[in-house]
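Close look at the chain arrangement
If you want the building blocks of each chain, they are given just below.
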Amino acid sequence: MNKKIFIDSDVNILTGEDAERALHKENDAKYFNEREGVSRVEKDRWRTAQKAEKKHWMNLGIRAADDRNYDHADKFGGYESIRGMKFDHAIELGCGPFTNLRLIGGIAEIGRCTLLDPLIDEYQAHPQCRYRTGKLVRDSYSGSPWMRTLRKGLWRAMPDGLRRLLPGIPLAGTLNMPIEEMPLNETYDLVVMINVIEHCYDAHALMSSILRILRPGGVFVFHDRLYDASIIRERVKEKYDAAHPLRVDQKLLMEFLQRNFSPLFSQQDEKIHAFEGREETVRSVYYIGRKIQ
């Protein structure tokens, strides 16, 4: 049987009896839906998640220069399916301090980009932020762990004055807000959202926003975890993670992709994730699709 875990908004990790007591007081079981898992939570629950995210990156992760962005690129096959494509205006939703667009911009041609994250103003103060100089500095994909380590080390050592001289994607703007509340008067021909849904508060509003901002024929780059509602039902009783309020049933996500996009790339991945004595089988989808006209 898996151990119970409670991770609070200050990223304190409780296990055993301490976790049991904390779970009795606070858990996400009240948001569970038999058909969709946890697809919506209250706004206050989401604010708790944002507090945990801020603590993670602006305190515990202040030396980090990557958020598994290279690993995601691996699973997307180095983004080869969109190599050489030209995009006038791209947006990354839930971009974090480092972005995935920095790597996509080394494969495809992007005229300008907008970055959205509820914590984007705070992230621009992160010393390793990729867009703190007013443009998104591009990066080159490499499958070599040694090369990745070298690039991250060079980036950490580089002063902002030198970073400004590096090739980058012009920054059209930043949006400090949740995806569910983003303005819908601007459209994009490339939308990137990688490992983001778990940090949101309404999966339905999020998917509606994506469809409204992506131009017909535009490209959607998407990754997230795939859950079964039956697994989520048990998980919300045994584990609370302040930073990740949503756990959406896979059918909701896969139906969204299949109904609205024609695939350019699609791959699923499965691995065992071990944390604090608890093991979970984690399934994920990596998908690049063109919006159906």
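Just above sits the structure.
Residues numbered from 1 in each chain as written. Predicted model: local features only at pLDDT ≥ 70, side-chain atom pairs only at ≥ 80, totals over all residues. Heavy atoms only, no water.

Remarks on the layout of surface pockets
Its volume calculated, the second largest pocket comes out at about 280 Å³. Mapped by element, the contributors of at least two residues to the lining of the second largest pocket are strand S9 (214–226), helix H9 (229–238) and strand S13 (278–291). Sort the elements by how many residues they give to the lining of the second largest pocket and S13 lands first, with six residues. Split into classes, the residues belonging to the lining of the second largest pocket amount to four nonpolar, two polar and nine charged. (1 Å grid on protein atoms, 1.4 Å probe; cavity = no way out; pocket = protein on both sides within 12 Å on 5 of 7 lines; lining within 4 Å. Points joined across faces, edges and corners; volume = space filled by probe spheres on them. Helix = DSSP H or I, 4+ residues; strand = E, 2+ residues; numbered from the N terminus. Nonpolar A, V, L, I, M, F, W, Y, C, P; charged D, E, K, R; others polar.)

Details of the nonpolar core
Note that soluble globular proteins tend to have their nonpolar side chains buried in a common cluster. In terms of nonpolar packing, the biggest core is built from 41 residues, with Leu-93, Ile-179, Met-193 and Phe-220 touching the most fellow members. At the level of secondary structure, the elements contributing two or more residues to this core comprise strand S4 (86–93), strand S8 (188–194), helix H8 (203–213), S9, H9, helix H10 (250–260) and S13. With 35 residues, the next largest nonpolar core counts Trp-57, Cys-129, Val-219 and Tyr-286 among its residues. (Core = buried A, V, L, I, M, F, W, Y, C linked by side-chain atoms within 4.5 Å. Buried < 20%, exposed > 50% of the residue type's maximum accessible area, 1.4 Å probe, protein only.)

Notes on the pattern of salt bridges
Pairing between side chains becomes possible if they bear opposite charge and their charged atoms approach one another. On inspection of all chains with the given rule, the structure shows 25 salt bridges. Where Glu-34 meets Arg-233, a salt bridge forms, and the shortest distance between an N and an O atom there is 2.8 Å. Taken together, the residues Glu-34 in the loop between helix H1 (16–25) and strand S3 (37–38) and Arg-233 in helix H9 connect sequence positions 199 residues apart. Among the charged side chains, a network of salt bridges with common partners joins Asp-66, Arg-102, Arg-130 and Asp-139. (Salt bridge = Lys/Arg side-chain N within 4 Å of Asp/Glu carboxyl O.)

Some details on the pairing of strand S12 (residues 261–275)
Bridge count for S12 against S13 is 14 bridges, and the pairing is antiparallel. Paired with Phe-261 across the bridge in S13 is Lys-291. Linking two consecutive strands that pair antiparallel, namely S12 and S13, is a turn of two residues; a positive phi of about 50° is found at Glu-276 within it. (Pairing = 2+ DSSP bridges.)

A look at the sheet that holds strand S10 (residues 239–241)
Strand order in the open sheet made by the three strands is S2-S1-S10, with mixed pairing throughout. The outermost strands of the open sheet, each flanked by one partner alone, are strand S2 (13–15) and S10. Each strand axis lies, on average, 15° off the axis of its neighbour in the sheet, ignoring direction. Against the sheet, H9 contacts strand S1 (5–7) and S10, and its axis sits at roughly 80° relative to S10. (Axes fitted to C-alpha atoms, helices over the stretch in contact; angles between N-to-C directions. Contact = heavy atoms within 4.5 Å.)

Quick look at unusual backbone geometry
Positive phi is not limited to glycine here, since Arg-68 has a value of about 60°. Unlike most non-glycine residues, Tyr-79 shows phi in positive territory, near 60°. For Tyr-79, a relative accessible area of 0% puts it in the buried group.

Quick word on the environment of Ala-205
The residue Ala-205 is located in helix H8 in this model. Given a relative accessible area of 24%, Ala-205 falls into the partly exposed group.

Let's talk about H8
If you check which residues of H8 are buried, you get Ala-203, Leu-206, Met-207, Ser-209, Ile-210 and Ile-213. Seen along its axis, H8 keeps its buried residues to an arc of 155°; they face one direction. (Arc of directions from axis to C-beta.)

So, the sheet that holds S12
Within a sheet, adjacent strands bond to each other through the backbone by hydrogen bonds, running parallel or antiparallel. With mixed pairing, the eight strands of this open sheet are ordered in space as S6-S7-S5-S4-S8-S9-S13-S12. With partners counted over all chains shown, the strands left at the sheet margins are strand S6 (135–137) and S12, one partner each. Averaged over all neighbouring strand pairs, the angle between strand axes comes to 20°, with direction disregarded.

Some thoughts on empty space enclosed by the protein
One pass over the full model with this rule turns up one cavity of 30 Å³ or more. Roughly 40 Å³ of volume is contained in the largest cavity. Elements with a contribution of two residues or more to the lining of the largest cavity: S9 and strand S11 (247–248). Split by residue class, the lining of the largest cavity holds five nonpolar, no polar and four charged.

Things to note about the state of the cysteines
Applying the stated criterion to the full structure yields zero disulfides. In this model Cys-113 remains outside any disulfide bridge; the closest cysteine sulfur is found in Cys-95, 8.9 Å from its own. Cys-200 takes part in no disulfide bond, and the closest cysteine sulfur to it belongs to Cys-95, at a distance of 12 Å. (Disulfide = S-S within 2.5 Å.)

Points about the packing of aromatic side chains
For the coordinates displayed, the defined rule picks out ten aromatic pairs. Aromatic pair Trp-57 and Phe-98: ring centres 5.4 Å apart, planes at 85°, arrangement edge-to-face. Here Trp-57 is found in helix H2 (residues 43–60), whereas its partner Phe-98 is found in the loop between S4 and helix H4 (101–104), with 41 residues between them in sequence. Of the residues examined, Trp-57 reaches a relative accessible area of 9% and is grouped as buried. For Phe-98, a relative accessible area of 1% gives the class buried. Counting every residue linked through ring pairs, the aromatic cluster contains Phe-76, Tyr-79, Phe-265 and Tyr-286. Its guanidinium or amino end placed over the ring of Tyr-70, Arg-102 lies 5.1 Å from that ring's centre, counting from NZ or CZ. For the cation-ring pair, Arg-130 lies above Trp-155, with the distance from its terminal atom to the ring centre recorded as 3.9 Å. (Phe/Tyr/Trp six-rings, centres within 6.5 Å; stacked < 30°, edge-to-face > 60°. Lys NZ or Arg CZ within 6 Å of the ring centre and 35° of its normal.)

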